[in-house]
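For reference, the chains in residue letters:
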Amino acid sequence: MAEETPPAQKTYDQVKADLKGYLLDMGLEIIKDFDTAESCGYWTKFGDFPILIESRKPLKYCIVALQFTFSEGAIVQAINEHYEKQDHEFIFRLTQVLTSPQTSFVRVVESGRVIGFTIMKSIYPFHPGFTIHKLDEAIQAVTAVGAVGIAFLKSEMGQMALDHTPPAPGPGPGPMYG
C-alpha cells in the first residue's frame, strides 16, 4: 500500500489573506495588521474586547488571545495576596472561570507580580480544513471565558478598572502571553 503524502500547509501570506477575509466576512474590523520577522497577525475587536490573532514564526499555528490587566494597585495587591497566601479555594475558582475545554489561560506577570490574565485558544489555519467557523469559535470562546473571568473578579474584588490592551513595546503590538 502506498503512503499518502500529507496535504501541503499554507504559507504565512496565504494564512494572513485567509484570516483577513474571514474577519471581514464576520463583520469584524481589523484594528491593526502586523508582520515582522518574529510574528504576524491581526488585532480585531469583538464586542468591547480587543482580540489578538498571532502566529509566532516559524510555528504553524496561531493564538487567538484576549488579555486584561489591572490598572489599580489595590486590585493587583489583592490578587497577589491570594497567590502568596496560597489561597487554594480562590485560585481554584479563578482557574475554573478562566479555563474551558477550548481555552487556557496564563497569568500576566510584571516585576514578579500578577497584573492580569491572558485567555487563549490555538487555531491551525496553516492546515487544510481550517474554516471561518473555527476562527469564529475561537474568538467567541476567548471572549466568553474572558467576560466570565472579569465578572468573577469584579464579584470578588468590587469594581475595577481594566486595561484590555497593555502598552505595546515598540512600534506594534507585542506578544500577549507571558
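Being a predicted model, the structure only gives us computed values, none of them experimental.

Procedures and definitions
Here the residue numbering is sequential within each chain, running from 1 through the sequence in written order. Confidence filtering applies because this is a predicted model: local features only for residues at pLDDT of at least 70, side-chain atom pairs given and counted only at 80 or more, and all residues used for totals across whole chains, interfaces and linings. The basis for every side-chain value is the complete set of heavy atoms in the structure, and neither hydrogens nor water enter the calculation. Labels follow the DSSP assignment, with helices taken as runs of H or I lasting at least four residues and strands as runs of E lasting at least two, numbered in each case from the N terminus. The contact criterion used throughout is that any non-hydrogen atoms of two residues lie within 4.5 Å. Throughout, exposure labels follow a simple rule: accessible area from a 1.4 Å probe, protein chains only, divided by the maximum for the residue type, with under 20% read as buried, over 50% as exposed, and the rest as partly exposed. Expected helix span is taken as 1.5 Å per residue step, with the number of steps being one fewer than the number of residues. Throughout, the arc means the angular range of directions from the helix axis out to the C-beta atoms. Each residue carries a pLDDT score, the predictor's confidence in it, ranging from 0 to 100.

For the rest of this paragraph, the subject is the environment of Val15. Structurally, the position occupied by Val15 is in helix 1 (residues 12–25). Linking Val15 and Ser55, residues 40 residues apart in sequence, is a C-alpha distance of 9.7 Å. Residues within four places of Val15 in sequence aside, it is in contact with Lys10, Pro125 and Phe126.

The omega torsion of the bond from Lys57 to Pro58 falls at 10°, within 30 degrees of zero and hence cis. You will see that Gln86, though not glycine, has its phi angle at about 50°, which is positive. Its location among the elements puts Gln86 in the loop between helix 2 (73–84) and helix 3 (88–98). Phi is positive for Ser111, which is not a glycine, with a value near 55°. Relative to the helices and strands, Ser111 resides in the loop between strand 5 (104–110) and strand 6 (113–123). On the basis of relative accessibility, which here comes to 76%, the residue Ser111 falls in the exposed class.

Helix length check: helix 2, at twelve residues, gives a terminal C-alpha distance of 16 Å against a target of 16 Å (1.5 Å per residue), a fit within 8%. What helix 2 keeps buried is the set Ile75, Val76, Ile79, Asn80, His82 and Tyr83. The arc that holds the buried residues of helix 2, viewed along the axis, is 150°, so those residues lie on one side. Turned more than 90 degrees from where helix 2 packs its buried face, Ala74 and Glu84 sit exposed. Turning to helix 2, the residues buried within the fold contact strand 4 (62–70), helix 3, strand 5, strand 6 and helix 4 (132–157). Gln86 sits one or two positions beyond helix 2 and adopts a positive phi of about 50°.

This next bit is on the confidence of the model for the protein chain. Confidence along the protein chain averages 87 in pLDDT terms, with 88% of residues attaining 70 or more. Within the protein chain, the element-level pLDDT minimum falls on strand 7 (residues 162–163), averaging 64, and the maximum on helix 1, averaging 96. Long-range and interchain partners of residues 166–178, a stretch whose pLDDT sits below 50, account for 29 contacts in this model, where long-range means more than four residues apart.

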